[in-house]
Amino acid sequence: GELSLKLYQEEVVQRALRGENIIIWLPTGGGKTRAAVYVAKKHLENNPGAKVPVLVNKVHLVEQHYNKEFKPYLGWDYSLVPISGDCDQKDFFGCEVKNSDLVICTAQILENALTNQEEGKHVELSQFTLLIIDECHHTHKEGVYNKIMGRYVAQKLKGERRLPQILGLTAFPGTGGAKSIKGAVDHVLQICANLDSVIVSSKVYAPELKKKVPRPRKRFDIVDRRPQDPFGDHLKFMMQFIHDFMALGPDLPVKEFGTQEYEAEVVILEKKGVTDRNRLLAQCVLHLRQYNNALLINDTVRMVDAFRVLESYYSTKTSTATDGTDFFLLGLYQENEVELRKLAGDARFENPKMRKLQNTLLEQFDQGEHSRGILFSKTRKSTHCLYDWVSNIPALQRAGIRAAILTGTGNGTNYMTQNEQKDTIRNFRLGSLNLLISTSVAEEGLDIPECNLVVRYGLLTNEIAQQQASGRARAGGREVRRELLNECLEDLTGRAIGEVQRMEPREFQMKITDLQTEAMLTRQLAEQLKIKKRSRFSAATVQLSCRGCFLPVAFGNDIKVIENINPDFEKYYKTGEQTPLKTFEDWEPGRVISCAACGKQWGREMVYKEIALLPILAIENFAMETPEGRKLANKWKKVEFTVEEFNFSMYCQNKFLNMLD
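Residues numbered from 1 in each chain as written. Predicted model: local features only at pLDDT ≥ 70, side-chain atom pairs only at ≥ 80, totals over all residues. Heavy atoms only, no water.

A. Up close: the overall build of the protein. In terms of helices and strands, the protein carries 21 helices and 19 strands. Counting only residues that meet the buried cut, the protein has 50% of its 661 residues in that class. When contacts within the protein are restricted to residue pairs at least 6 apart in sequence, those whose partners lie at least 24 apart make up 68%. Counting only carbon and sulfur atoms, one obtains 50% of the accessible surface of the protein, whose full area is about 32200 Å². (Helix = DSSP H or I, 4+ residues; strand = E, 2+ residues; numbered from the N terminus. Buried < 20%, exposed > 50% of the residue type's maximum accessible area, 1.4 Å probe, protein only. Contact = heavy atoms within 4.5 Å. Areas by Shrake-Rupley, 256 points an atom, 1.4 Å probe, with all protein chains shown as cover.)

Structure below.
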């Protein structure tokens, strides 16, 4: 197709067309991706043999950018390929790069290819001539974008000249949490340093841009709390009963029940219980977290939704109780279950937010057939609760609301597959759906049509999400002060970018080089510390215990890099349901596994090379007894012993000998 740009788009791409590294800052709906397509087209035309990777930070954006933007304008003249974790091409990324002009992929796939030395899979940054990074404000800290750009910057500082031009795209770089102009400027400079780029925006044609992307009309709807909340009060009574049973003492003051602060507190207490070998404390706070979650749900959606969470949790506990603590906690719920069910069904005390939300939706959808909206909620669980509510309110159905859930991709309940996501968005675009009930996945990058209503339902947001969603809407919710602060932060970010853009080129370049040098040295030091930490203990001196019941089950030298445990490990776990998951290059996932003693979920089985049935363990489900006491880790890369590689040939030989015996 014919590729043309708006005047403000032409303005922001000029320096990129001259071969400079730039970050394009345009608001949501301003056409950043179209501008990137234009730059890529001119780059391919003017540089025979050019190689252009387009990096995205979410799987669903691969197909979206390919089908909606790059293929229509470049597909006739150039070889384009989309690659995500769901396709086979990722296993031969090096070959795909060699045979293609432009590759659209998730950043992790490129990172894997940069580290994988196997022929046909490995690539070097020097093979590319233009690197496009979508939503580039994520290029910071330990994010995968920053790992890739960290390599780039390190090579640049060593004098490497064969490096690709950089083109970053962002609707909003944010302030990095800073609330002062100096802090915001420092954050913008750091993003520029990480991307080795200047940041550009429309100046001359800013009025045209403003007409193209008008700011939404915003309204805050404040809903008073329930005058009476007997269901919530009963949950708090039960929580206090558990606290009395724990006997924490006055040295551990308790945060208010039903708050995020309380949840953070019980997470810390659970870790303390495990490391202190205090199972009473560890188990009690796990149950308290469930009750606190029920209170949060009760505050967000319906009482029955909160009750169902507890009902589901305790349905699995009857068969796994192992000691007096378990029987006390299970008994407390069972003694109060009937009363909780009764209170949850009493319509007199229903959440007033639901009535307000119903009226807000009816205001728009009663106006005609063409209304379209997004209802944002904080968690996947709450989106499912809201969908159930919308589907069962006659007035909303009579208004013609056709709703669907849109959440992130992943494995397990409450997640969506990539195909389900694409189908939902397509149906929304075609009009067979007119209300998306979504987590933050719909705020950034997704090609969702314009809406006349966006509701932020009980959300605490940040200024980046605020800017991303504003391409579509009006905001609503109770956190008015926070939302007003976000507007101030939007303005602060704009001012900070203006200051950076006004810097003398020499001053800007000196600051960028200093930040890059500091970041490189920091990364090198951090890597050395990681290596030192991973060899702190001998693997044979570290014993793994179930985090649920503290039963010792294995030693560190039983663990291999594909998480294989010695054959005797089988007696410590039981298997559960088989969940449908994708198959990988040389292994496929199997059944869920959990502790045979207490039912704590540990991970799942896998079939390796169609022969070996092995357990995959999540280290967060275990405690580690070390020469320096009990320790915890939430990721395998954080354990303080070296994990050996799995020897598949030796495994097969041992299996064969065991069969002969």
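B. The confidence of the model for the protein, seen in detail. Here the protein shows a mean pLDDT of 88. Residues at 70 or above account for 90%. pLDDT under 50 marks residues 460-478. Its contacts with residues more than four places away, or in other chains, come to 84 contacts. (pLDDT = per-residue confidence, 0-100.)

C. Representation of helix α13 (residues 324-344) in the model. Compared with an ideal rise of 1.5 Å per residue, which puts 21 residues at 30 Å, α13 spans 29 Å between its outermost C-alpha atoms and is within 8% of the ideal. Roughly 50° is the biggest bend found in α13, and it falls at E337. Every buried residue belonging to α13 is among T325, D326, F328, L329, L330, G331, L332, Y333, N336, L340, L343 and A344, and all of these are buried. The elements touched by buried residues of α13 are α9 (230-246), α11 (279-300) and α12 (303-314). Structurally, the start of α13 carries an N-cap: the backbone nitrogen of T325 is 3.1 Å from a side-chain oxygen of D323. (Expected span 1.5 Å × (residues − 1). Bend = angle between axes of the 7 residues up to and from the residue. Polar contact = N/O pair within 3.5 Å; in protein donor to acceptor, adjacent residues only side chain to side chain.)

D. Looking closely at unusual backbone geometry. The phi dihedral of F550 falls on the positive side, at around 70°, and the residue is not glycine. Along the polypeptide, F550 turns up in the loop between β12 (543-546) and β13 (552-555). Residue classification places F550 among the buried residues on the basis of a relative accessible area of 14%. With a phi close to 55°, K609 is a non-glycine residue in the positive phi region. Checked against the element boundaries, K609 lands in the loop between β16 (601-608) and β17 (612-617).

E. Representation of the side chain of K32 within the structure. Here K32 lies in helix α2 (residues 32-46). No salt bridge is formed by the buried K32. Its closest oppositely charged neighbour is E135, at 5.7 Å. (Lys, Arg positive; Asp, Glu negative; His and termini not counted. Salt bridge = Lys/Arg side-chain N within 4 Å of Asp/Glu carboxyl O.)

F. Just the packing of aromatic side chains, in detail. For the coordinates displayed, the defined rule picks out 12 aromatic pairs. Measuring from centroid to centroid gives 6.1 Å for Y291 and Y314, while their planes differ by 45°, and the two rings are tilted. Within this pair, whereas Y291 is found in helix α11, its partner Y314 is found in helix α12, the two being separated by 23 residues in sequence. Each member of the pair, Y291 as well as Y314, carries the same accessibility label: buried. Plain terms: the ring middles of Y608 and F648 are 5.4 Å apart, the flat faces sit at 85° to each other, and that makes the pair edge-to-face. Of this pair, Y608 sits in strand β16 while F648 is found in helix α21 (residues 648-660), placing the two residues 40 residues apart along the sequence. (Phe/Tyr/Trp six-rings, centres within 6.5 Å; stacked < 30°, edge-to-face > 60°.)

G. Region of the structure containing the pairing of strand β15 (residues 587-595). Where β15 lies against β16, six bridges are found, and the strand directions are antiparallel. Across the sheet, P589 pairs through a bridge with M606, a residue of β16. (Pairing = 2+ DSSP bridges.)

H. Broad picture of the pattern of salt bridges. Within this structure, the stated rule accounts for 37 salt bridges. Residues D186 and K182 are paired through a salt bridge, measuring 3.1 Å at the closest nitrogen-oxygen approach. Residue D186 and its partner K182 are located together in helix α7 (residues 181-195), separated by four residues, close to a single helical turn. Since its relative accessible area comes to 37%, D186 is described here as partly exposed. The exposure class assigned to K182 is exposed, which follows from its relative accessible area of 59%. For R225, the salt bridge is made with D299, and the minimal N-O distance between the two is 3.4 Å. Taken together, the residues span a long stretch of sequence, with R225 in the loop between α8 (206-212) and α9 and D299 in helix α11 at a distance of 74 residues. Connected via shared salt-bridge partners are R302, D305, R308 and D388.

I. Highlighting a nonpolar patch on the surface. On the surface, a nonpolar cluster with roughly 270 Å² of combined accessible area is contributed by L7, V204 and Y205. Along the chain, V204 falls in the loop between β7 (198-200) and α8. (Patch = residues over 30% accessible without salt bridge, like charges linked within 9 Å, V, L, I, M, F, W, Y side chains within 5 Å.)

J. Examining the sheet that holds strand β19 (residues 629-631) more closely. Pairing is antiparallel in the open sheet, where four strands are placed in the order β13-β12-β18-β19. The sheet is open, and its two edges are formed by β13 and β19, each paired on a single side. On average, adjacent strands in this sheet sit at an angle of 30° to one another, irrespective of strand direction. (Axes fitted to C-alpha atoms, helices over the stretch in contact; angles between N-to-C directions.)

K. Up close: the nonpolar core. Core analysis: the largest hydrophobic core is formed by 85 residues, its most contacted members being I24, F70, F93, L110, I132 and L167. Per-element tally for this core: the top contributor is α7, with eight residues. For F70, the contacting residues outside a window of four places in its chain are T33, V37, A40, V54, H65, G75, L80, L102, I104 and I132. Grouped together as the second largest cluster of nonpolar side chains are 56 residues, L281, C284, L310 and L361 included. (Core = buried A, V, L, I, M, F, W, Y, C linked by side-chain atoms within 4.5 Å.)

L. Local environment of the sheet that holds strand β4 (residues 102-106). Read across the sheet, seven strands follow the order β3-β4-β2-β5-β6-β1-β7 without closing on themselves; strand pairing throughout is parallel. Every interior strand has two partners, whereas the edge strands, β3 (80-83) and β7, have only one. For this sheet, the mean inter-axis angle between neighbouring strands, taken without regard to orientation, is 20°. Pairing geometry for strand β5 (residues 130-133) and strand β6 (residues 165-170), over four bridges, is parallel. Counterpart to I133 in the pairing with β6 is G168.

M. Molecular detail of the pairing of strand β9 (residues 403-406). A two-sided burial pattern is seen for β9, the buried positions comprising A403 and I405 on one face and A404 and L406 on the other. Sheet topology note: the β9/strand β10 (residues 435-438) ladder contains four bridges and is parallel. Bridging from a neighbouring strand, A403 pairs with L435 of β10.

N. Examining a positive patch on the surface more closely. A surface patch of like charges, here positive, comprises K147, K271, K530, K533, K635, K637 and K638. With respect to the helices and strands, the residue K147 is situated in helix α6 (residues 144-157). (Charge placed at Lys NZ, Arg CZ, Asp CG, Glu CD.)

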